[in-house]
Amino acid sequence: MKLFSKIGICGLIIMFFSLSQINEAQSWGFWAHKRINRLSVFTLPPEMIGFYKSHLEHITEHAVDPDKRRYAVEGEDKKHYIDVDVYGEYPFDNVPRVWSEAVEKFSEDTLMEYGILPYNLEWMMGKLTRAFEEQNLKRILRHSSDIGHYIGDGHVPLHTTVNYNGQLTGQKGIHGFWESRCPELFATDNYDFFVGKAIYVENIRDKIWEIVLESASHVPEVFAQEIRLTKEFPDDKKYAFDERGDILLKNYSYEFSEAYEKSLDGMIEDRMRDAILNIGSFWYTAWVNAGKPDLNRLGELALTDEEIEEQKELDNKSNGGKIKGRDHSK
Ligand SMILES: [Zn+2]
């Protein structure tokens, strides 16, 4: 009550408005996606690293384009997740790893309803490999950035469950809490991002499912620790109010976030590290499979006016727009 009287009726309205928007979830958050894509460049072998480094800003900035496209393109949101637990139990052997077999078993409508992340990733690898074969600079950059994003999403446990935002267990907000709030608070100072060198992936499909299954294996812990700590932290300690200009935002408090991050025993750091290494490894694998083209001969990136306009439109639509499909924060 003390807080209410302090901020007055105006503040209250703003506060409740922002309550529904707690932790806008954008899959790993924009910050983490950019960081992950950027760091993946440094895992690459000498024949690739020069090219990727010269496009470091591009790879970093466009790490979040797939999330922006959710506001502009129908069906884009399905590529960012798979609610694999709707089909059965871990390790989900009953879910066909091959798209055509999965369609036959569950129907395309059902698969689209619950997300197609692993299948889409396999198609994306085909696209990136072809872009390398054709030595098409724009497509190499676009597909590299996009694959970085989708692989990043695949490492987030909450992208593999139907209870993606804790909406079924009274834990609404946990999606953005795990993937945005925690890494933004703790990654820079506490996480070790030296992950070693990219590794050739013999079997892309197996690797994609290994990533998804590992994420899925963490789901119970992600929820259990939040429930356990919620019992220890009364509401006024669990949440804090940040002032952003005139707006008062309700968010998980620093103390609660710290306790949660610690209780997961390095899980968020490990998932980020694995994402970085796997992205580098997928880029490397596509390049090898395309016959190791000489990337230093690809020249400079020159966008047409139309492409610049398209990007602007994407930025505008995602700024304050509405997602066409699932919003992880709702
Ligand atoms: Zn995403």
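Residues numbered from 1 in each chain as written. Predicted model: local features only at pLDDT ≥ 70, side-chain atom pairs only at ≥ 80, totals over all residues. Heavy atoms only, no water.

A. Focus on the nonpolar core. In this structure, Tyr52, Phe132, Trp178 and Trp283 are the most contacted members of the largest nonpolar core, which totals 81 residues. A total of 12 residues in this core trace back to one element, the largest contributor, which is helix H14 (residues 267–289). (Core = buried A, V, L, I, M, F, W, Y, C linked by side-chain atoms within 4.5 Å. Buried < 20%, exposed > 50% of the residue type's maximum accessible area, 1.4 Å probe, protein only. Helix = DSSP H or I, 4+ residues; strand = E, 2+ residues; numbered from the N terminus.)

B. Examining helix H2 (residues 29–40) more closely. Look at H2: 17 Å from first C-alpha to last across 12 residues, which is about the 16 Å you get at 1.5 Å a residue. Of the residues making up H2, those classed as buried are Gly29, Ala32, His33, Ile36, Asn37, Leu39 and Ser40. In the core, the buried residues of H2 are packed alongside helix H4 (56–61), helix H5 (65–69), helix H9 (137–154), helix H10 (174–190) and H14. (Expected span 1.5 Å × (residues − 1). Contact = heavy atoms within 4.5 Å.)

C. Region of the structure containing the pattern of salt bridges. Enumeration according to the criterion identifies 21 salt bridges in this entry. Measuring nitrogen to oxygen at the nearest pair gives 3.8 Å for the salt bridge that ties Lys78 to Asp77. As a salt-bridge pair, Arg273 and Asp192 come within 3.7 Å of each other at their nearest N and O atoms. Here Arg273, found in helix H14, pairs with Asp192, found in the loop between H10 and helix H11 (204–232); they are 81 residues apart in sequence, far enough to count as distant. Salt bridges linked by common partners bring Arg69, Glu76, Lys79, Arg142 and Asp146 together as one network. (Salt bridge = Lys/Arg side-chain N within 4 Å of Asp/Glu carboxyl O.)

D. Structural detail: the pairing of strand E2 (residues 247–252). Of the pairings in the sheet, the one linking strand E1 (residues 239–244) to E2 comprises 6 bridges and is antiparallel in character. Considered in E2, the bridge of Tyr239 is made with Tyr252. Linking E1 back to E2 in an antiparallel pair, the connection comprises 2 residues, with Gly245 at a positive phi of about 65°. (Pairing = 2+ DSSP bridges.)

E. The packing of helix H8 (residues 117–133) against H9, seen in detail. Two elements in contact, H8 and H9, have axes whose closest approach is 9 Å; the angle formed by their N-to-C orientations is 155°. In terms of their interaxial angle, H8 and H9 are classed as roughly antiparallel. For the pair H8 and H9, the sense of crossing is left-handed. Along the contact surface, H8 presents Leu117, Asn120, Leu121, Met124, Met125, Lys127, Leu128, Ala131 and Phe132, while H9 presents Arg139, Ile140, His143, Ser144, Asp146, Ile147, Tyr150, Ile151, Asp153 and Gly154. (Axes fitted to C-alpha atoms, helices over the stretch in contact; angles between N-to-C directions. Parallel < 35°, antiparallel > 145°, perpendicular 65-115°, else oblique. Left-handed = near helix turned anticlockwise from the far one by under 90°.)

F. Quick peek at the packing of aromatic side chains. Per the counting criterion, the structure on display carries 17 aromatic pairs. On the numbers, 3.9 Å between centres and 20° between planes, the contact of Phe177 with Tyr252 is stacked. Here Phe177 is found in helix H10, whereas its partner Tyr252 is found in strand E2, with 75 residues between them in sequence. Each member of the pair, Phe177 as well as Tyr252, is classed as buried. Feature note: the residues Phe177, Phe233, Tyr239, Tyr252, Phe256 and Tyr260 constitute an aromatic cluster, connected by ring pairs. Positioned above the aromatic ring of Tyr239, the side-chain terminus of Lys250 is 4.0 Å from the ring centre. One Lys or Arg, Arg326, reaches over the ring of Tyr81 and ends 3.8 Å from the middle of that ring. (Phe/Tyr/Trp six-rings, centres within 6.5 Å; stacked < 30°, edge-to-face > 60°. Lys NZ or Arg CZ within 6 Å of the ring centre and 35° of its normal.)

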